[in-house]
Amino acid sequence: MKFKSVLFVAIAILILGTFSMAQPLRLVFWGGWTGPDGNVMRQLVSEYNSTHPNVVVSLTTMQWTPLFTKFLVSSRGGQSPNILAMHGPDVPEFASYGLLTPIGNIIKGAGFEASQFAPAAWNGTFYKGKQYAFPLDLHMNAIYYNQKLFEKAGITPPKGWITGKEFLDMAIKLTVDKNGKHPNQAGFDPNNVVQYGIALYSLNWHGFLQWYELLRQQGYNFLNSSMNEVGYPLNAGQKAWSWLQDLFFKYHVAPVGANSPLKDFLIGKTAMLEDGPWEMPAMEAQKGLKWSTFPVPQVFKYKAVWGSGHVLTIPVRQDKEHMKAAEEFVTWLLKHSDKWALSGNIPAYNSSRKFAYSLPGRAGFLAEASYVAMLPRIPKESQVFSSASVSPIVVAGQNILVRDKTILPVMKWMNEQINAIFNR
Amino acid sequence: MNGKKRSYRMVPYLFLLPYLFAFITFRFGPSIAGFFVSLTRWNIVGQAKFVGFRNFIDLFQDPNFIKSLINTLYFMLLTVPALVIGGLMIAMLVDQPLRGRTATRTFVFMPYVIMSTVVGVIWLWIFDAQYGILNYYIGLLGIRPIAWLSNVNWAMPAVAIATIWWTIGFNMILFLAGLQDIPNELKEAARIDGASSWQTFWNITLPLLRPTTIIVVMLTLINTFQVFAQVYVMTGGGPEMATLTVVQYMYVQSFQYYRLGYGSAISYIVFVFLVGLILLERGLLKKSGDLD
């Protein structure tokens, strides 16, 4: 009888033990990487899972906007993911809702410090003096260029930052009408251009972002020091818009109202494109296209380029076990983020960034890593810097860069609308 | 015996129960809750703050909402007559004993089974200013390329064209069913009496199609007032809010700005408009004696 009892207990322990061994801890990881970048992250996650048998990280990707809505709804229902990716400027909004765990001690405990990361990426993880996120990468604008079209025009591609004047001269040389004339030649026909110098976004919020980097190149911030209303000098804003508007309507080096500047560049209709590193997979997939990058032009006094960065956050309301596992996974991911450069994003962790130098086409982005100007980090970020069609920054860009409207009244309207959002 | 009869009477309701449960849980309940949300300021995660009818008052002082309302009515003006009259014309055509009419019916109806987002993407390519097939063909006629989706004047007509192509097949099917319900004897009698085709259409076909026409008009008004996916995919509401519609504005406020109260207030305005249309439809059907 005694033997039977011992046997029973032993079997029970064995079964329970086997059961618990067969059930590794599951971590839910959400990110908005819906393109080839999602595949790179999936590979990293898979590598982690294969080397950490006690944990299974499950990555779910969907577009950022529905992802954040889903996050809010699931947080309300107490079902947050264990790890959530977002952009640096998104942090204050979610932190102000009380949904993110402050990770200052965790990041210190993992041996990370500010000097090991690109400054813009590190600074983008704070809100009201507290750190809420792990900086994963930077992604900023740069100029993609078509090597064949540059050779044909006899232009040597820049190796680093160039001035606005040098950039404009290149763009003029690269713009050709059906009679082979350039915009600076008599008889140039702006209605029959066969090749443009530069493709710029003007219909979506990237028009505003191009303007924002030019404002920052003049040394001004978009908002006042209290970050509760628009605070830049109007003449600086006007100079920035004017430079962009002239590329379209004075120099005719950029096509007006282009639906897809990327497509225009891919097929060789434009020789340059201002865009982010997320377009690299499209460049690599385009047969016959020889391309590379250089930094955006320095039009004004300072070097600055609009950029953002992916960060990793740990939402609140999870048990200690999941929290600890999430911390370990994120720490591992940062230390192995060199391969993340394959997605086009520039790793924020300095030692991981080195690998990016060996990859083609990254030169322009890497040269900009210390000059990234992120949008102001404010709790109303989703409304003030919205990419929706009703967003004042989108409408202002369309008015100035597509409809050639007088800059000052449009800019004043944009400022009023943004201040109204702050005051709501 | 009475008890047994009563329990038999309950049987149909039991069959309805699963649907009723889903309807109350996922439709009716949230709709009622939505009304209470419309009386609050709420960003999903925080505590909702009761503001009474403030959201509704703010809405009618919000120029973007007024613009979205005007845009939606413009969209309806562009699409509803074309969908109703066009649907009827196509139905009459494919009702004729002509060769290939089954294939024609299929081709006209086929777009309707495509997902709205796919429709948006297809037309995004067709309307592309640089490489779109439409600009290629109008170029052959010597017309300069039109920036269909980036020009404030052309964007809404472009969305309307895509919508007409997508949904006209549904109206055709409804009209076809209505046409086939009209007894042939009546038309033959008219023809024997010397009525022309036009007179037959005007005095026989059209009056007998009245109940179908009322339903088609109402359904088209309801569907076009709720336009969203095509706009979302093709223009995102731009350029310069030229294609911003009421439902899209509701989406932006609720799910991009996280202003659930404001978004719910917009949805209740849509709801009141649609209920008004349905009541009008019932009134018209009742008046014509087609609703017993």
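Please read these numbers as outputs of a predicted model, since none were measured by experiment.

## Digging into the overall build of chain A
A count of helices and strands for chain A gives 18 helices and 16 strands. Overall, the C-alpha framework of chain A stretches about 110 × 50 × 35 Å when taken along its three principal axes. Put simply, chain A has 424 residues, and 48% of those count as buried. Contacts spanning at least 24 positions in sequence make up 76% of the contacts within chain A whose residues lie at least 6 apart.

## Section: the interface of chain B and chain A
Tallying the contact residues gives 23 residues for chain B and 23 residues for chain A. In terms of residues, the side of chain B that touches chain A owes the most to one element, helix α12 (residues 246–256) of chain B, which gives 4 residues.

## Quick word on the sheet that holds strand β6 (residues 134–135) of chain A
All names here are of chain A. Taking strand neighbours across the sheet as the criterion, the 5 strands line up as β2-β1-β3-β14-β6 in an open arrangement whose pairing is mixed. Either end of the sheet is taken by a strand with one partner, and the two such strands are β2 (55–61) and β6. Two elements, β6 and strand β14 (residues 310–313), share 2 bridges in a ladder whose sense is antiparallel. Considered in β14, the bridge of phenylalanine 134 is made with leucine 312. Where helix α2 (residues 36–51) meets the sheet, it contacts β1 (25–31) and β2, and its direction lies at approximately 170° from that of β2. Sheet strands in contact with helix α13 (residues 320–335) are β1, β2, β3 (83–87), β6 and β14, and its direction is about 55° off that of β1.

## Observations concerning the sheet that holds strand β11 (residues 270–275) of chain A
Residue and element names in this part refer to chain A. The sheet built from 5 strands is open, its strands ordered β9-β10-β11-β8-β12 with mixed pairing. The open sheet has two free edges, formed respectively by β9 (176–177) and β12 (291–294), since each of these has just one partner strand. Across the sheet, helix α8 (residues 164–174) touches β10 (193–199) and β11, and the angle it forms with β10 is around 160°.

## Some points on the domain arrangement of chain A
Residue and element names in this part refer to chain A. By the assigned domains, chain A splits into domain 1 (2–136 + 309–362) and domain 2 (140–307 + 386–423). Just the C-alpha atoms count here: the centres of domain 1 and domain 2 sit 35 Å apart. Taken together, the 9 residues of domain 1 in the interface contact 9 residues of domain 2. Considered class by class, the residues forming the side of domain 1 that touches domain 2 number 3 nonpolar, 5 polar and 1 charged.

## What to know about unusual backbone geometry
Residue glycine 238 of chain B is joined to proline 239 of chain B through a cis peptide bond whose omega torsion reads -10°. Positionally, proline 239 of chain B belongs in the loop between α11 (229–234) and α12. For lysine 128 of chain A, which is not glycine, the phi torsion reads 50° and is therefore positive. Topologically, lysine 128 of chain A is positioned in the loop between β4 (126–127) and β5 (130–131). Its 10 C-beta neighbours within 10 Å are what place lysine 128 of chain A among the exposed residues.

## Describing helix α18 (residues 407–423) of chain A
Residues and elements named next belong to chain A. Here α18 contains 17 residues, and its C-alpha end-to-end distance of 24 Å stays within 8% of the 24 Å for a straight helix at 1.5 Å per residue. Within α18, burial applies to Ile407, Met411, Met414 and Ile418. An end-on view of α18 places all buried positions within 60° of arc, on one side of the element. In this structure, α18 carries Pro409, Glu416, Ala420 and Asn423 as exposed residues pointing more than 90 degrees from its buried face. Residues of α18 that are buried make contact with α10 (234–249), α16 (381–384) and α17 (392–401).

Cut-offs applied
Once a new chain begins, its residue numbering starts again from 1 and follows that chain's sequence as written. For this description, chains carry letters from A and ligands carry numbers from 1, given in the order in which they are written. Per-residue local features are limited, in this predicted model, to residues with pLDDT of at least 70; the limit for side-chain atom pairs, both in listing and counting, is 80 or more; totals at the level of whole chains, interfaces and linings are taken over all residues. Starting at the N terminus, helices and strands are each numbered in turn, a helix being any DSSP run of H or I of at least four residues and a strand any DSSP run of E of at least two. With C-beta atoms placed from the backbone, the exposure class of a residue follows from how many other C-beta atoms lie within 10 Å of its own: 20 or more, buried; 12 or fewer, exposed; in between, partly exposed. We call two residues in contact when the distance between their C-beta atoms, placed using the backbone, is within 7 Å. Here, any two strands with at least 2 DSSP bridges between them count as paired. Every axis in this analysis is a line fitted to C-alpha atoms, fitted for helices over the stretch in contact. Angles between the N-to-C directions lie between 0 and 180 degrees. Where each domain begins and ends follows an automated or database-derived domain assignment. Side-chain classes follow a simple rule in which Ala, Val, Leu, Ile, Met, Phe, Trp, Tyr, Cys and Pro form the nonpolar group, Asp, Glu, Lys and Arg form the charged group, and the remainder, Gly included, forms the polar group. What a helix should span is 1.5 Å times the count of its residues minus one. Here, the arc refers to the directions that run from the helix axis to the C-beta atoms.

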